[in-house]
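As a plain string of letters, each chain reads:
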Amino acid sequence: MSTTTDRAPSGIPGLDEMIGGGFPRGRVILLLGEPGAGKTIFASQFLVSGAKTGNERGLFVCLEEARVHLYREMRLFGWDFTRLENQGIISFIDATPLRLLPEKVKVGDVAIDRKDFSMLSLTQAISREVSRLKPSRITVDSITSLMLQYPDMVQRRAAIFDLVGALVTTGATCLVTSELKSVGLRRNLEMEEFLAHGVIVLQSLRVGGSFTRMLQIEKMRETACDTQPRPYRITEKGIEVYPGETVFR
Ligand SMILES: Nc1ncnc2c1ncn2[C@@H]1O[C@H](COP(=O)(O)OP(=O)(O)OP(=O)(O)O)[C@@H](O)[C@H]1O
Ligand SMILES: [Mg+2]
């Protein structure tokens, strides 16, 4: 499988051969997965490998956990975010305070809805850091709680549109993670999946008598990809996919 599009190697062993050599550069890829599926590890591996092999700067936008926790967890895989940050290669935006906002945010006499305020603050913080760092890779981990603020589908679509739009204007290759709400091979699709340029799903399925972790490329624009579910493992080196193996026999 090959295409002429410029590619950003994913840093996940086994994955690039399923997607024509890497993610199409400048695109927004959605990584969906169950809790504990390895979304944060995947996102970190993408940034660290870009920094190590391509000298690519990366921005980590974290909405779920504090910097200190993330850095400690990732050190177990040998990824030293503190050093990379000190070297100016990786930068971190702690967006967790957005979760603590009141329902209405008062700015002078004007009351702004929490969801509007949080989306605006997030996209502005990203754009400010992008101007400074000029990263070629960005990860946003995860948008689950942000999206829960939009039960209304029209508003949700607009919010995803805003976020994807803000990420596309950075020119970086972006990986956005989100929790998988329904599992199985015939699950309901979420709005995010229609609006992202690429979608990768991580889930754990019962095959025979045991559970198997499987990765599936749902879509990848500009790419002839392997859409079969393939097994993956999380080891002390991070995530690895086995494109030569099948999940179902
Ligand atoms: N050294 C290791 N070897 C094997 N598996 C590991 C190792 N360290 C962590 N894991 C696995 O990684 C999983 C956590 O990965 P990660 O935090 O990336 O998941 P996540 O999808 O981001 O979860 P959440 O939805 O809670 O944010 C754990 O479920 C654990 O099984
Ligand atoms: Mg996580």
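Structure first, text after, so check above.
Residues numbered from 1 in each chain as written. Chains lettered and ligands numbered in written order. Predicted model: local features only at pLDDT ≥ 70, side-chain atom pairs only at ≥ 80, totals over all residues. Heavy atoms only, no water.

Student: Mind laying out the site of ligand 1, listing which residues take part and the relevant values?
Tutor: Taken together, Glu34, Pro35, Gly36, Ala37, Gly38, Lys39, Thr40, Ile41, Phe77, Arg213, Ile234 and Thr235 make up the full set of residues near ligand 1. In the environment of ligand 1, an oxygen atom lies 2.9 Å from a nitrogen or oxygen atom belonging to the backbone of Gly36. Taking Arg213, its side chain carries an N or O atom lying 3.3 Å from an oxygen atom of ligand 1. Contact with the protein chains hides 60% of the accessible area of ligand 1, taken as 640 Å² for the molecule alone. Per-element tally for the shell around ligand 1: the top contributor is helix H1 (residues 39–54), with three residues. A per-class count over the shell around ligand 1 returns five nonpolar, four polar and three charged. (Near = heavy atom within 4 Å. Polar contact = N/O pair within 3.5 Å; in protein donor to acceptor, adjacent residues only side chain to side chain. Areas by Shrake-Rupley, 256 points an atom, 1.4 Å probe, with all protein chains shown as cover. Helix = DSSP H or I, 4+ residues; strand = E, 2+ residues; numbered from the N terminus. Nonpolar A, V, L, I, M, F, W, Y, C, P; charged D, E, K, R; others polar.)

Student: An account of the environment of Pro24 is needed here, citing residue identities and associated values.
Tutor: Structurally, Pro24 is set in strand S2 (residues 23–24). In this structure, the C-alpha to C-alpha distance between Pro24 and Thr223, residues 199 residues apart in sequence, is 7.7 Å. If sequence neighbours within four positions are ignored, Pro24 has contacts with Thr5, Asp6, Arg7, Ile29, Thr173, Met220, Arg221, Glu222 and Thr223. (Contact = heavy atoms within 4.5 Å.)

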